[in-house]
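# Chains, contacts and geometry: an overview
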Amino acid sequence: MIRFLAKVMIQRLLGAMPGGHAVYGLLQRHGTRSIAPNPEAIANKEMLGRQLIGWLAEAGADPATLGPHLDIGAGWLPVVPLVLHRHGITPQTWVDVAPVMRWPAVAAVARQLGFDAADPDLDGWLARHHCRYLAPALPPYPL
């Protein structure tokens, strides 16, 4: 929990600074291994998404009938929401306290999960896939 709160504080700080989003983008592209969208990190998060789908199946739920999905704290690498999307959970709203999501990271996830990632930007891709990204977003969160 402490690590999450620290991340929120850093994202809010960078979101408030002039040029802070550009700094975060540099960290995403050239930062630590935990920030780079590498295939291993995507695969690890994909396993979590598949585990969630398994739990839904065990509970007798058909993912495609669950209706809208709200992902709070979507972050910069939306692997789990896209695994859920792959199993029919749409539409989706992804929210964050700071706008940290960038198209190159989402495109890397999309390609690895078998989605078409030919769109030139994040907004176009999200609209085509019935998803939206709201950041900065504060409660109440819309569906």
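Residues numbered from 1 in each chain as written. Predicted model: local features only at pLDDT ≥ 70, side-chain atom pairs only at ≥ 80, totals over all residues. Heavy atoms only, no water.

## What to know about the environment of Trp 76
Rules: Secondary structure counts use DSSP, requiring at least four H or I residues in a row for a helix and at least two E residues in a row for a strand, with both numbered from the N terminus.
Topologically, Trp 76 is positioned in the loop between strand E1 (69-72) and helix H4 (79-86). The sequence separation of Trp 76 and Pro 99 amounts to 23 residues, and the corresponding C-alpha distance is 8.5 Å.

## A word on the packing of helix H3 (residues 39-58) against H4
Keep this limit in mind: Here the axes come from fitting lines to C-alpha atoms, over the contacting stretch only for helices, and the angles between their N-to-C directions go from 0 to 180 degrees. Oblique is the label for every angle not falling under 35 degrees (roughly parallel), over 145 degrees (roughly antiparallel), or within 65 to 115 degrees (roughly perpendicular). Each helix crossing is assigned a hand: it is left-handed if the near helix lies turned anticlockwise from the far helix by less than a right angle, otherwise right-handed if that turn is clockwise. Contacts: residue pairs with any heavy atoms within 4.5 Å of one another.
H4 packs onto H3 with a crossing angle of 50° between their chain directions and a minimal axis gap of 8 Å. In terms of orientation, H3 and H4 fall into the oblique class. By crossing handedness, the relation of H3 to H4 is classed as right-handed. Contacts between H3 and H4 pair Ile 42, Lys 45, Glu 46, Leu 48, Gly 49, Arg 50, Leu 52 and Ile 53 from the former with Val 79, Val 80, Val 83 and Leu 84 from the latter.

## Examining the nonpolar core
Cut-off, in case you're wondering: Among buried residues, the Ala, Val, Leu, Ile, Met, Phe, Trp, Tyr and Cys ones that are joined through side-chain atoms within 4.5 Å form a nonpolar core. Relative accessibility thresholds used throughout: buried, under 20% of the residue-type maximum; exposed, over 50%; partly exposed, between the two (1.4 Å probe, protein chains only).
Counting residues in hydrophobic clusters, the biggest one holds 30 residues, and the most contacted among them are Trp 94 and Trp 125. Looking at this core, the elements with two or more residues in it are H3, H4, helix H5 (103-112), helix H6 (122-128) and strand E3 (131-134). At seven residues, the largest contribution of residues to this core is made by H5.

## Description of H3
Our working definition: Expected span of a helix: the number of residues minus one, times 1.5 Å. By definition, the arc is the one covered by directions from the helix axis to the C-beta atoms.
Here H3 spans 28 Å end to end across 20 residues, near enough to the 28 Å set by a 1.5 Å rise per residue. Of the positions making up H3, those classed as buried are Ile 42, Glu 46, Gly 49, Ile 53 and Leu 56. With its buried residues spanning 65° around the axis, H3 presents them on a single face. The outward face of H3, more than 90 degrees from its buried face, is lined by the exposed residues Met 47 and Glu 58. Structurally, H3 contributes buried residues whose contacts are with H4 and H5.

## Topic: the packing of aromatic side chains
Quick reminder of the rule: Ring pairs are drawn from Phe, Tyr and Trp, using the six-membered ring of Trp, whenever the two centres fall within 6.5 Å, and their geometry is named by plane angle: stacked under 30 degrees, edge-to-face over 60, tilted for the rest.
The tally for this structure, following the rule as stated, stands at two aromatic pairs. Ring centres of Trp 103 and Trp 125 lie 6.1 Å apart, and the angle between their planes is 45°; on these two criteria the pair is classed as tilted. Pair noted here: Trp 103 is in helix H5 and Trp 125 is in helix H6, with a separation of 22 residues, a long-range link. As far as the burial class goes, Trp 103 and Trp 125 line up, both buried. Centroid distance Phe 115 to Trp 125: 5.7 Å. Interplanar angle 75°. Geometry classified as edge-to-face. Residue Phe 115 is located in the loop between H5 and H6, and its partner Trp 125 is located in helix H6; the two are separated by ten residues in the primary sequence. Owing to a relative accessible area of 8%, Phe 115 belongs among the buried residues under this scheme.

## Structural notes on the packing of H3 against H5
This is how it is decided: We call Asp, Glu, Lys and Arg charged. Ala, Val, Leu, Ile, Met, Phe, Trp, Tyr, Cys and Pro are nonpolar, and the rest, Gly among them, are polar.
In contact at an axis separation of 10 Å, H3 and H5 are set at 65° when each is read in the N-to-C sense. Between H3 and H5 the crossing geometry is right-handed. Across the interface between the two elements, Pro 39, Ile 42 and Ala 43 from H3 touch Ala 108, Val 109 and Gln 112 from H5. The class makeup of the residues in the contact of H3 with H5 is five nonpolar, one polar and no charged.

## Observations regarding the sheet that holds E3
This is how it is decided: Strands qualify as paired when DSSP identifies two bridges or more between them.
In space, the three strands of this open sheet follow the order E1-E2-E3, with parallel pairing throughout. Two strands lie at the open edges of the sheet, namely E1 and E3, each paired on one side alone. Taking the axes of each pair of neighbouring strands and ignoring which way they run, one obtains an average angle of 15° across the sheet. The strands that H4 touches are E1, strand E2 (92-95) and E3; relative to E2, the one it contacts most, it runs at about 180°.

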